Amino acid sequence: VKKIGVLTSGGDAQGMNAAVRAIVRMAIYRNCECFLIYDGYNGLIAGSSKIIKAKREDVSGFLTLGGTAIGTARCMEFREYEGRQKAALNIIKSGINALVVIGGDGSLTGADTLRSEWPSHVKDLLKDGKISESDAQTYTSLMIVGIVGSIDNDLTTTDITIGAHSALTRICEAIDALQSTAFSHHRAFVVEVMGRNCGWLALASAICTGADYVFIPEDPPRGEDWETRMCEALQNSRKAGKRTSMIIVAEGACDSNLNPIKVEYIKEILTQRLQYDTRVTILGHVQRGGSPNFRDRYIGTIQGAEAVEAILRADASTPSLIIGTLENKITAQPLKSAIIFTQQLAKEIKNKNFENAIKLRSPTFKK
Ligand code: ADP
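The name that an unreviewed UniProt entry assigns to the protein chain is 6-phosphofructokinase, with the source organism given as Smittium megazygosporum.

As for the overall build of the protein chain
Looking only at helices and strands, the protein chain has 12 helices and 12 strands in total. Taken over C-alpha atoms, the radius of gyration comes to 23 Å for the protein chain, in line with the 21 Å a tight globule of 367 residues would show. Buried positions account for 50% of the 367 residues belonging to the protein chain. Sequence-distant contacts in the protein chain: of pairs separated by 6 or more residues, those separated by 24 or more amount to 76%.

Examining the nonpolar core
Counting residues in each nonpolar core, the largest one holds 105 residues, and the members touching the most others are V20, I23, V100, L201, A202 and V249. Of all the elements, helix 1 (residues 16–29) adds the most residues to this core, at 9 residues. Setting aside anything within four residues of it in sequence, one finds I23 in contact with I4, V6, C34, V100, G304, A307 and V308.

A short note on the environment of L178
Locating L178 in the fold gives a position in helix 6 (residues 164–185). In sequence terms L178 and M246 are 68 residues apart; their C-alpha atoms lie 9.0 Å from each other.

Some remarks on helix 4 (residues 105–127)
Taking 1.5 Å per residue, 23 residues should reach 33 Å; helix 4 reaches 32 Å between its end C-alpha atoms and fits that length. Within helix 4, the axis deviates most sharply at W118, by approximately 60 degrees, and proline P119 lies no more than four positions further along. Taken together, the buried positions of helix 4 are D105, S107, L108, T109, G110, A111, D112, L114, H121, V122 and L125. Following helix 4 by one or two positions, G129 has its phi on the positive side, about 70 degrees.

Topic: the environment of I70
Looking at the element boundaries, I70 is found in the loop between strand 3 (51–53) and helix 3 (81–94). Look past the residues within four positions of I70 in its chain and what remains in contact with it is T8, V20, L36 and Y38.

A look at the sheet that holds strand 8 (residues 213–215)
Read across the open sheet, the 4 strands follow the order 8-9-7-10; overall the sheet is parallel. The two strands at the open ends of the sheet, each matched to only one other strand, are strand 8 and strand 10 (278–282). Each strand of the sheet is rotated relative to its neighbour by a mean of 15 degrees, with strand direction disregarded. Note: strand 8 against strand 9 (residues 245–250), 3 bridges, orientation parallel. Counterpart to F215 in the pairing with strand 9 is V249.

Considerations on the site of the ligand
Surrounding the ligand, one finds 17 residues, the nearest of these being G10, G104, G106, S107 and G110. For the shell around the ligand, the leading source of residues is helix 4, giving 6 residues.

Details of unusual backbone geometry
Even without a glycine there, the phi angle at H186 is positive, about 55 degrees. Its location among the elements puts H186 in the loop between helix 6 and strand 7 (188–193). Judged by the 13 C-beta atoms lying within 10 Å of it, H186 is partly exposed.

Things to note about the pairing of strand 4 (residues 98–103)
Counting buried positions along strand 4 gives 6 out of 6 residues, so the element sits mostly inside the fold. Examined bridge by bridge, strand 1 (residues 3–8) and strand 4 share 5 bridges and lie parallel to one another. Residue pairing across strands places I4 opposite A98, the latter belonging to strand 4. Here 6 bridges tie strand 4 to strand 5 (residues 143–150), and the two strands are oriented parallel to one another. Note on strand 5: the bridge partner recorded for L99 is I144.

Comments concerning the packing of helix 3 against helix 4
At a closest axis distance of 9 Å, the pairing of helix 3 and helix 4 adopts a crossing angle of 75 degrees. Relative to helix 4, helix 3 is oriented roughly perpendicular. Side by side, helix 3 and helix 4 meet where R84, Q85, A87, A88 and L89 of the first sit next to T113, L114, E117, W118, H121, D124 and L125 of the second. Each residue belonging to the contact of helix 3 with helix 4 can be placed in one class, and the counts come to 6 nonpolar, 3 polar and 3 charged.

A look at helix 6
Here helix 6 spans 31 Å end to end across 22 residues, near enough to the 32 Å set by a 1.5 Å rise per residue. Positive backbone phi, at 55 degrees, marks H186, one or two positions downstream of helix 6.

Quick notes on the rules
- Residues numbered from 1 in each chain as written.
- Predicted model: local features only at pLDDT ≥ 70, side-chain atom pairs only at ≥ 80, totals over all residues.
- Helix = DSSP H or I, 4+ residues; strand = E, 2+ residues; numbered from the N terminus.
- Rg over C-alpha atoms; globule rule 2.2 N^0.38 Å.
- Buried ≥ 20, exposed ≤ 12 C-beta atoms within 10 Å, placed from the backbone.
- Contact = placed C-beta atoms within 7 Å.
- Core = buried A, V, L, I, M, F, W, Y, C linked by C-beta atoms within 7 Å.
- Expected span 1.5 Å × (residues − 1).
- Bend = angle between axes of the 7 residues up to and from the residue.
- Pairing = 2+ DSSP bridges.
- Axes fitted to C-alpha atoms, helices over the stretch in contact; angles between N-to-C directions.
- Near = placed C-beta within 6 Å.
- Parallel < 35°, antiparallel > 145°, perpendicular 65-115°, else oblique.
- Nonpolar A, V, L, I, M, F, W, Y, C, P; charged D, E, K, R; others polar.

Here it is, written out as structure tokens:
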């Protein structure tokens, strides 16, 4: 019998609950057992009090809830071998032989590390007398399946990550609200949106709200004196009759020397050089809050169901997998490809190879 553990880890995202619900329901439907692991990797390290066998009704009402009902955490201990060994012991004690991790690239990297170390954890635990010989023979491998729950839309193995659509919806609502006050007062608004070092939320919200200027990490303003070019562009819009200026800044935005571009700096330029009445709004956690929109409920559900199917199809030679949705088709690809992508993108930006960064990102910014 497959015994599937499920946890959510890292930053919460709308739609994680839909995925958890689908995993529990699909696992029971397919005659597997399912265990809810509370509070991310903290729960795996804490053991039986946080690893609870799930019944169908335990996930009732999850579909429409924001955040993650089974809790999430940043867990320093899991970053260390010893922490992961405690997790391995609790996995074996609970009888779990497959783990679904819903989280961002950090959480998925941790899960993949646990799997690659699995034989040595089993060997150590046997040597220390923490598990029996028969346990060691039963738990020779641990299947890992990842689902990307992240508002940032920062992985290439899926067109859209769970939570990104709801966050974008929330950003658009907030900017629409700002537009009406900006309009009344002829104001400029400089709005910071989340996304870590991914500009998807910023670019998509700029397109969807008709913003005047946008800063994203993958494509920094080139050359000297980009500030003057920005001012000219904004002035031209005003000359053409626009009463407001809306500038969107990704939280990871930087210039071509990798100096952060901050909203306060943009405000200073607009106030001093253009004498615009300028306000700054940092949208913050409101972007991850509230109920998931239809799209995150939908992809959360189908990806959760597919995670269970992928576990049932897998054998010991199957690599850790990541579930995604590419060109409207559900996919299960090796987890490594997602992790390598993230590392490569960070390297390209660090080395100021912005052309490469944009090319790498292009699967997300699809033509
Ligand atoms: P996200 O999953 O949203 O990217 P984090 O990067 O904060 O969020 O990762 C969430 C948790 O995953 C961390 O608190 C840690 O427990 C685990 N984790 C992250 N990176 C690693 C790693 N390289 N090795 C082991 N565990 C990790």
